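Spelled out from the first residue to the last, the chains are:
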Amino acid sequence: MTDPNCIFCKIASGQIPSACVFQDETAFAFLDIGPLAEGHVLLIPREHYQTLDQMPPDVAGRLLGRLPALVKAAVEAAGAEGVNVLQNNGKAASQEVPHVHFHVIPRRAGDAFRFNWPASKYPPGRMEELAKAIREKL
Ligand code: 5GP
Ligand code: ZN
């Protein structure tokens, strides 16, 4: 299913132009209009799902199957040395476009892209408590 009001559905169907780099029956990949680095690509499913948890596992599996070749191509074409793959879900996680997408961001040492990565520590017992809670949900 697609959403007629969704900008990424419109891009995948060709209603809105994009710099497409790959497409097949499952997936569509195109250059991000606001790149965090040269060669920043977005990989999206053709079907409309707002967030990753809403995707059927087989569709998610097919979509992710396209990622390794895309990562390799973007890194090589951009002359990069590494790559970040990011995937935001929900406003709290900085998702602006509510159609699942993977950011493929080629990286070079010393480039302008910076993570805010505020690594912390668990108080005693909290890590085991959270692991148990997650196991019980799976
Ligand atoms: P999010 O914050 O939802 O994870 O990322 C959405 C991304 O989509 C942003 O990096 C933004 O630059 C990109 N984007 C939004 N609208 C368009 C568009 O119309 N065309 C293209 N190519 N990228 C877009
Ligand atoms: Zn959509």
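Residues numbered from 1 in each chain as written. Chains lettered and ligands numbered in written order. Predicted model: local features only at pLDDT ≥ 70, side-chain atom pairs only at ≥ 80, totals over all residues. Heavy atoms only, no water.

Undergrad: Describe the coordination of the zinc ion (ligand 2), listing the residues and the values that go with them.
TA: Tetrahedral coordination by four donors sets the ideal angle at the metal to 109.5 degrees; octahedral coordination by six donors sets it to 90 or 180 degrees. Bound to the zinc ion (ligand 2) are the protein donor atoms C6 (SG), C9 (SG), H48 (ND1) and H99 (ND1), situated 2.0 to 2.3 Å from the metal. Geometry at the zinc ion (ligand 2) is tetrahedral, judged from the 4 donor atoms that bind it and their angles of 107 to 116 degrees at the metal. For the zinc ion (ligand 2), the single-chain donor residues occur in sequence as C-x2-C-x38-H-x50-H. Of this pair, C9 sits in helix α1 (residues 7–13) while H99 sits in the loop between β4 (82–86) and β5 (102–107), placing them 90 residues apart in sequence. The exposure classification of C9 matches that of H99, with both residues buried. (Donors = N, O, S within 2.8 Å, 3.2 Å for Na, K, Ca; no water. Tetrahedral: all angles 85-135°; square planar, octahedral: opposite > 155°, others 65-115°. Helix = DSSP H or I, 4+ residues; strand = E, 2+ residues; numbered from the N terminus. Buried < 20%, exposed > 50% of the residue type's maximum accessible area, 1.4 Å probe, protein only.)

Undergrad: Give a description of the site of ligand 1 that names residues and reports values.
TA: The environment of ligand 1 is formed by 16 residues, the closest being D32, S94, E96, H101 and H103. Contact distances for ligand 1 include 2.4 Å between an oxygen atom and a side-chain N or O atom of D32. At 2.8 Å from an oxygen atom of ligand 1 is found a side-chain nitrogen or oxygen belonging to H103. Listed by contribution, the elements that provide at least two residues to the shell around ligand 1 are α1 and β2 (27–31). Ranked by residue count, the leading element in the shell around ligand 1 is α1, at 3 residues. (Near = heavy atom within 4 Å. Polar contact = N/O pair within 3.5 Å; in protein donor to acceptor, adjacent residues only side chain to side chain.)

Undergrad: Break down the side chain of H101 for me, citing the residues and quoting the values.
TA: When you line up the elements, H101 lands in the loop between β4 and β5. When its relative accessible area of 4% is taken as the criterion, H101 is described as buried. Leaving out residues up to four positions away in the same chain, H101 has contacts with F8, L42, L43, I44, L86, Q87 and Q95. (Contact = heavy atoms within 4.5 Å.)

Undergrad: Explain helix α2 (residues 57–65) residue by residue, including any values.
TA: Along α2, the residues classified as buried are V59, A60 and L63. Buried positions in α2, seen along its axis, are confined to an arc of 100 degrees and lie on one side of it. Across from the buried face of α2, at angles greater than 90 degrees, the exposed residues are P57 and G65. Its buried side turned inward, α2 meets β2, β3 (41–45), α3 (67–78) and β5. (Arc of directions from axis to C-beta.)

Undergrad: So what's going on with α3? Residues and values would help.
TA: Under the 1.5 Å per step criterion, the end-to-end length of α3 is 16 Å for 12 residues, consistent within 8% with the ideal 16 Å. Every buried residue of α3 is accounted for by L67, L70, V71, A74, V75 and A78. Mapping the buried residues of α3 onto a view down its axis gives an arc of 125 degrees, with all of them on the same face. Across from the buried face of α3, at angles greater than 90 degrees, the exposed residues are P68, A69, K72, E76 and A77. Positive backbone phi, at 65 degrees, marks G79, one or two positions downstream of α3. (Expected span 1.5 Å × (residues − 1).)

Undergrad: Can you lay out the pairing of β2 for me, pointing to particular residues and giving the numbers?
TA: Counted residue by residue, β2 has 4 buried out of 5 residues, so it is predominantly covered. As defined by bridge partners, strand β1 (residues 20–23) adjoins β2 across 3 bridges and the pair is classed as antiparallel. Looking at the pairing, Q23 lines up with F28 of β2. The antiparallel hairpin formed by β1 and β2 contains 3 residues in its connecting segment. (Pairing = 2+ DSSP bridges.)

Undergrad: Please set out the state of the cysteines residue by residue, giving values where relevant.
TA: Chemically, a disulfide is nothing more than a covalent bond linking the sulfur atoms of two cysteines. For the structure shown, the criterion picks out 0 disulfides. Left without a disulfide partner, C20 is nearest to the cysteine sulfur of C9, which lies 15 Å away. Overall, C20 belongs to the partly exposed group, its relative accessible area being 33%. (Disulfide = S-S within 2.5 Å.)

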